[in-house]
Amino acid sequence: MAEELIDHTIEETTQHAQQAPEVLNEHRAWAIGIAGWLVPGLGHALQRMWGRAGVVFLAVGLLVITGARMKGNVFTSKGNDAFDTLGYVADLGTGSFYLAARALEVNGADVSHAGGDYGTRFLATAGVLNLLAALHAFEAARGRKA
Amino acid sequence: MSVTGSLTLTHIQAFLLFAAVISVAFGYLGRRQPKDRLKYILWSFFLFLVVGIGIGWAMYPFSR
């Protein structure tokens with residue numbers, strides 16, 4: 001009886017010891033994914049993927065700056081319809097760069113010309129690209145081939 | 001160069017800039033080896049051009 005109990009305890013302890021790194025790894029992967037969303041490229045930088053980190057940071061930054069300077073629409077939470085809300089979600093994908101876009105666009109959007117409309121697409125693309133990169137960093141942190 | 005001033009790009013400039021930036025990002029995220037990345041970037045950029053210009057011409061009859 002005592003032997004069985006000891007065996008059972010050892011088995012349970014071994015299982016916990018095996019599961020602990022997995023749980024830790026999962027938490028780390030989530031932290032990396034969120035970091036990658038908040039600061040474009042940070043998710044890859046934390047995993048020492050310097051090339052990818054640099055490219056993501058520059059690509060998202062360039063798209064945000066260009067989009068804002070072209071007077072694209074930086075959507076807010078006070079949208080009028082579903083498309084505005086979708087645009088807001090896409091823009092939020094840039095993480096902290098969303099605030100930079102708001103700061104850059106001091107005179108407001110002007111989508112009466114094609115340039116402004118293109119700017120809106122640039123901003124939305126920056127957000128979606130950053131979400132894709134954050135997901136990529138998350139998957140890489142979980143041990144998937146990246 | 002200020003980053004706060006307004007920027008005016010022609011249609012083709014905006015198109016080329018967009019295609020180039022996205023192609024490079026896709027290449028780096030999608031491939032590991034430098035040679036594979038370069039091939040992917042060039043192929044992706046080429047497809048952006050073909051599809052973009054193709055759609056542009058496809059819309060041409062309805063533009064007037």
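Residues numbered from 1 in each chain as written. Chains lettered and ligands numbered in written order. Predicted model: local features only at pLDDT ≥ 70, side-chain atom pairs only at ≥ 80, totals over all residues.

(A) Representation of the packing of helix 4 (residues 82-92) of chain A against helix 6 (residues 114-141) of chain A within the structure. Residue and element names in this part refer to chain A. Contact geometry for helix 4 and helix 6: axes closest at 6 Å, N-to-C directions at 55°. The angle between helix 4 and helix 6 places the two elements in the oblique class. You can see that helix 4 and helix 6 cross each other, and the crossing is left-handed. Where helix 4 approaches helix 6, its residues G87, A90, D91 and L92 are matched on the opposing element by L123, A124, G127 and V128. Looking at the contact of helix 4 with helix 6 residue by residue, the class counts come to 5 nonpolar, 2 polar and 1 charged. (Axes fitted to C-alpha atoms, helices over the stretch in contact; angles between N-to-C directions. Helix = DSSP H or I, 4+ residues; strand = E, 2+ residues; numbered from the N terminus. Parallel < 35°, antiparallel > 145°, perpendicular 65-115°, else oblique. Left-handed = near helix turned anticlockwise from the far one by under 90°. Contact = placed C-beta atoms within 7 Å. Nonpolar A, V, L, I, M, F, W, Y, C, P; charged D, E, K, R; others polar.)

(B) Up close: the confidence of the model for chain A. Per-residue pLDDT for chain A has a mean of 88; in total, 91% of the residues score no lower than 70. Mean pLDDT values over the elements of chain A span from 79, in helix 1 (residues 2-38) of chain A, up to 96, in helix 2 (residues 42-45) of chain A. (pLDDT = per-residue confidence, 0-100.)

(C) Representation of the nonpolar core in the model. In this structure, A59, V60, V64, L123 and A126 of chain A together with A25 of chain B are the most contacted members of the largest nonpolar core, which totals 43 residues. Of all the secondary structure elements, the ones that give two or more residues to this core are helix 1, helix 2, helix 3 (50-69), helix 4, helix 5 (97-104) and helix 6 of chain A together with helix 1 (11-30) of chain B. Ranked by the residues each element gives to this core, the list is headed by helix 6 of chain A, at 12 residues. Excluding anything up to four places from it in sequence, A126 of chain A contacts V60, L63, V64, G67, T94 and F97 of chain A. (Core = buried A, V, L, I, M, F, W, Y, C linked by C-beta atoms within 7 Å. Buried ≥ 20, exposed ≤ 12 C-beta atoms within 10 Å, placed from the backbone.)

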